[in-house]
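Breakdown of the fold
Each chain, written out:
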Amino acid sequence: MSLDRADQLARRLGEVRARIARACAAAGRADDVTLVVVTKYFPASDVRLLADLGVRDVGENRHQEAEAKVADCAGLDLRWHFIGALQSNKAAAVAAYADLVESLDRTKLVAALDRGASQRGRPLDVLLQVSLDPPGSEHRAGVDPADLAALADAVAATSSLRLRGLMAVAPLGEEPAGAFARLAEIRAGLVLRHPQATWLSAGMSGDLEEAVAAGATHVRVGSAILGSRPAVQ
Ligand SMILES: *Cc1c(COP(=O)(O)O)cnc(C)c1O
């Protein structure tokens, strides 16, 4: 059973790595994109199999599930990315185990994350999640691009958070290439103000090629490797 699962994960992981390599070649880029495997809803046993297959970066989007899985996987050489909606009363707890928080999207979270990072005694890398939805639409998540500079400045002013760059999800109902082109422009503006904030986390199972073409340094891939998640989320 677990051997079958290992074979399946190995095969799908190989397919996704090949897709990333082809996308980098097509964009004339070096193949230096970090693959973050999104393991939400899947058990810690899958994370162990993925670690055996050379996966180093894993993504989780719910605090309780992430906290339990990190504890289950203690001793593995993994970097945990928190990619989900953050509540301000959970932010310090997330900072206790996350290596990178990709979903910082409002000023209210900054102080709590900074406090959590300072309590654990090592700096916390963060990405700012920016909304790519057209202005006025129901935002799925993410800071409005107009408010990004203020949020970035707030993070840069902390002692324990390291501003690394941006994260975004392509909006529903739009070609991802157009959304990621806007993201590339937003990123250029951020890097002018914060030259070290060069990371760009964009692209999922369905649109990683478009994200790599637009300069993604990190892609977050779940279902193309682990399979479809349970319908109730
Ligand atoms: C679940 C999730 C992903 C992975 O999505 P797939 O389509 O399964 O690859 C990527 N990013 C975020 C923020 C997610 O919540």
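Look up a bit, the structure's there.
We now turn to the structure provided with this report. (Residues numbered from 1 in each chain as written. Predicted model: local features only at pLDDT ≥ 70, side-chain atom pairs only at ≥ 80, totals over all residues. Heavy atoms only, no water.)

On to the side chain of Asp105, then. In this structure, Asp105 sits in the loop between β4 (100–104) and α5 (108–120). Overall, the relative accessible area of 18% leaves Asp105 in the buried class. A polar side-chain atom of Asp105 sits 3.0 Å from a polar atom in the side chain of Arg106. In terms of polar contacts, Asp105 uses its side chain to reach the backbone amide nitrogen of Gly142, at 3.5 Å. When residues no more than four places from it in sequence are discounted, the contact partners of Asp105 are Gln129, Gly142, Val143 and Leu151. (Helix = DSSP H or I, 4+ residues; strand = E, 2+ residues; numbered from the N terminus. Buried < 20%, exposed > 50% of the residue type's maximum accessible area, 1.4 Å probe, protein only. Polar contact = N/O pair within 3.5 Å; in protein donor to acceptor, adjacent residues only side chain to side chain. Contact = heavy atoms within 4.5 Å.)

As a further point, take the side chain of Ser103. Mapped onto the fold, Ser103 is located in strand β4. Ser103 gets classed as buried once you look at its relative accessible area, which sits at 2%. There is a polar contact of 2.7 Å between the side chain of Ser103 and the backbone oxygen of Gly84. Residue contacts for Ser103: discarding those within four places in its chain leaves Phe82, Ile83, Gly84, Leu86, Leu127, Gln129 and Met167.

This part takes up the pairing of β4. Burial analysis of β4 places five of its five residues in the buried class, the great majority of the element. Where strand β3 (residues 79–82) and β4 come together, two bridges link them in parallel fashion. Within β4, the position partnered with Phe82 by the bridge is Val101. Between the parallel elements β3 and β4, the chain passes through helix α4 (residues 91–97) in a crossover that is right-handed. (Pairing = 2+ DSSP bridges. Right-handed = clockwise from strand over helix to strand, strands pointing away.)

The next subject is the site of the ligand. All residues in the neighbourhood of the ligand are listed as Val38, Lys40, Ile83, Met204, Ser205, Arg220, Val221, Gly222, Ser223 and Arg229. Separating an oxygen atom of the ligand from a side-chain N or O atom of Lys40 is a distance of 2.7 Å. Between the ligand and the protein, one listed contact pairs an oxygen atom with a side-chain N or O atom of Arg229 at 2.8 Å. Here the residues of the shell around the ligand are counted per class, giving four nonpolar, three polar and three charged. (Near = heavy atom within 4 Å. Nonpolar A, V, L, I, M, F, W, Y, C, P; charged D, E, K, R; others polar.)

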